[in-house]
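For reference, the chains in residue letters:
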Amino acid sequence: MTEPRILYIRESIAKAQRIEAKNHQLRDFLQAKLPELHHAISFPNGNGLDALQQFVTHYIEHVPDFIEALTTLTKSAGVYQYAKAFLSIAEDYFFEPPELIQGHDGLLALINEAYLAHRLMEEVNDRVMMACGFPLAPMDMTLSNIIVHDILGDDFANQLDLAVHYSIESLFESDGFFRNAHFDDYLRSHHNDAWLNAIEEWPCLAGDSAIQLKLDRIPQGKVVH
């Protein structure tokens, strides 16, 4: 059942925030990364480290918000059976994180798990868009994911991207994921109303300026798969 799993993720985030308040592990990590970030990433006036930490914290906090929103939307449309598989995978990253991200604790560990979940949802949205012409959901985490990719570093982030690829490949082995009247109706109806009702109910899907960092330009050669 998804509800207690979402509650577990929220509790894990709250626990990680308490750990961070004591050991500042994430802040120390970000402080070391700050000079290495791509020059295209710029910050609001003020403390760049504070802005970066706030961005990462909100990025992590948005995972259960997105999962909960997509669960509610797809259940109300009668297509949850098609979304359940990938939503469960996104949750599983917090329950059984891959071995390559073990060894960290607090928010420093959760940034890896959040990246996996956000990249998974981005990849599913992109594949649905390519196959059907409409996105599964109105959220667009591409920019945020590019920033976190840069924070994590190419080598490690690319490993996480590969883990996401393997996680969802079986979901799209056939076109059965898309060939359902309810699923098609869901995509078309939400496209036609421009997702206004969904965004009003779940404003997190529209994005949050508090978690966006100003990009003068997207890093050249940065391709996120």
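Cut-offs and rules
- Residues numbered from 1 in each chain as written.
- Predicted model: local features only at pLDDT ≥ 70, side-chain atom pairs only at ≥ 80, totals over all residues.
- Heavy atoms only, no water.
- Helix = DSSP H or I, 4+ residues; strand = E, 2+ residues; numbered from the N terminus.
- Buried < 20%, exposed > 50% of the residue type's maximum accessible area, 1.4 Å probe, protein only.
- Contact = heavy atoms within 4.5 Å.
- Areas by Shrake-Rupley, 256 points an atom, 1.4 Å probe, with all protein chains shown as cover.
- Core = buried A, V, L, I, M, F, W, Y, C linked by side-chain atoms within 4.5 Å.
- Axes fitted to C-alpha atoms, helices over the stretch in contact; angles between N-to-C directions.
- Parallel < 35°, antiparallel > 145°, perpendicular 65-115°, else oblique.
- Left-handed = near helix turned anticlockwise from the far one by under 90°.
- Nonpolar A, V, L, I, M, F, W, Y, C, P; charged D, E, K, R; others polar.
- Salt bridge = Lys/Arg side-chain N within 4 Å of Asp/Glu carboxyl O.
- pLDDT = per-residue confidence, 0-100.
- Polar contact = N/O pair within 3.5 Å; in protein donor to acceptor, adjacent residues only side chain to side chain.

**Student:** Looking at this structure, how should I read the overall build of the protein chain?
**Tutor:** Within the protein chain, the secondary structure is distributed over 9 helices and 0 strands. Listed N to C, the secondary structure of the protein chain is α-α-α-α-α-α-α-α-α in terms of helices and strands. Within the protein chain, the fraction of its 225 residues that count as buried is 49%. When contacts within the protein chain are restricted to residue pairs at least 6 apart in sequence, long-range pairs at least 24 apart make up 79% of them. If you sum the accessible surface of the protein chain, you get close to 11,000 Å²; carbon and sulfur atoms cover 51% of it.

**Student:** Explain the nonpolar core here, please?
**Tutor:** A general feature of soluble globular proteins is that nonpolar side chains tend to end up buried together. Counting residues in each nonpolar core, the largest one holds 65 residues, and the members touching the most others are Phe86 and Ile151. When residues of this core are traced back to their parent elements, those giving at least two are α1 (2-23), α2 (25-33), α3 (48-76), α4 (80-95), α5 (106-132), α6 (142-152), α7 (154-168) and α8 (181-192). Apart from the residues lying within four places of it in its own chain, the contact partners of isoleucine 151 are Phe29, Leu30, Lys33, Leu37, Leu52, Phe55, Val56 and Ile111.

**Student:** Help me out: how do you make sense of the packing of α3 against α5 in this one?
**Tutor:** A pair of packed helices is characterised by two quantities: the angle between their axes and the separation of those axes. Put simply, α3 and α5 touch, their axes get as near as 9 Å, and they point 45° apart. Put simply, α3 runs oblique to α5. Of the two elements, α3 crosses α5, and the hand of that crossing is left-handed. On α5, the residues touching Val56, Thr57, Tyr59, Ile60, His62, Val63, Phe66, Ile67 and Leu70 of α3 are Leu107, Leu110, Ile111, Ala114, Tyr115, Ala117, His118 and Met121. Among the residues forming the contact of α3 with α5, the class breakdown is 14 nonpolar, 3 polar and no charged.

**Student:** What is the right way to look at α6 in this model?
**Tutor:** Spacing of three or four residues puts side chains on the same side of an α-helix, whose turn is 3.6 residues. Counting buried residues in α6 gives 9 out of 11 residues, a clear majority hidden from the surface. Where α6 is concerned, the buried positions are Ser144, Asn145, Ile146, Ile147, Val148, His149, Asp150, Ile151 and Leu152. Where the residues of α6 are buried, they touch α2, α3, α5 and α7. Positioned one or two residues after α6, glycine 153 has a phi angle of 95°, which is positive.

**Student:** Where do I start with the pattern of salt bridges in this structure?
**Tutor:** One side chain can pair with another of opposite charge once the charged atoms of both are near each other. Counted by the stated rule, this structure contains 12 salt bridges. Where arginine 5 meets glutamate 91, a salt bridge forms, and the shortest distance between an N and an O atom there is 2.5 Å. Of this pair, arginine 5 sits in helix α1 while glutamate 91 sits in helix α4, and the two are 86 residues apart along the sequence. Connected through shared salt-bridge partners, Arg119, Glu122, Glu123, Arg127, Asp161 and Glu169 make up one network.

**Student:** I tried to follow the confidence of the model for the protein chain on my own but got confused; where do I start?
**Tutor:** Mean pLDDT over the protein chain: 80, with 81% of residues reaching 70 or higher. When the criterion is pLDDT under 50, residues 209-213 qualifies, and its contacts beyond four places in sequence or with other chains add up to 18 contacts. Scored below 50 in pLDDT, residues 215-225 makes 24 contacts in the model with residues more than four places away or belonging to other chains.

**Student:** Whenever I open this one, the packing of α3 against α6 confuses me. Can you help?
**Tutor:** At their nearest, the axes of α3 and α6 sit 11 Å apart, and the two run at 115° to each other. Seen along the crossing, α3 lies across α6 with a hand that is left-handed. Listed contacts from α6 to Leu52, Phe55, Val56 and Tyr59 of α3 are Ser144, Asn145, Ile147, Val148 and Ile151. Looking at the contact of α3 with α6 residue by residue, the classes come out as 7 nonpolar, 2 polar and no charged.

**Student:** Before we go on, may I ask you to explain the environment of asparagine 23 in this structure?
**Tutor:** Mapped onto the elements of the fold, asparagine 23 is located in helix α1. Asparagine 23 sits 83 residues away from glycine 106 along the chain, and the two C-alpha atoms are 8.8 Å apart. Excluding its chain neighbours within four sequence positions, the residues that come into contact with asparagine 23 are Asp28 and Asp105. At a separation of 3.0 Å, a polar atom in the side chain of asparagine 23 contacts the main-chain amide nitrogen of glutamine 25.

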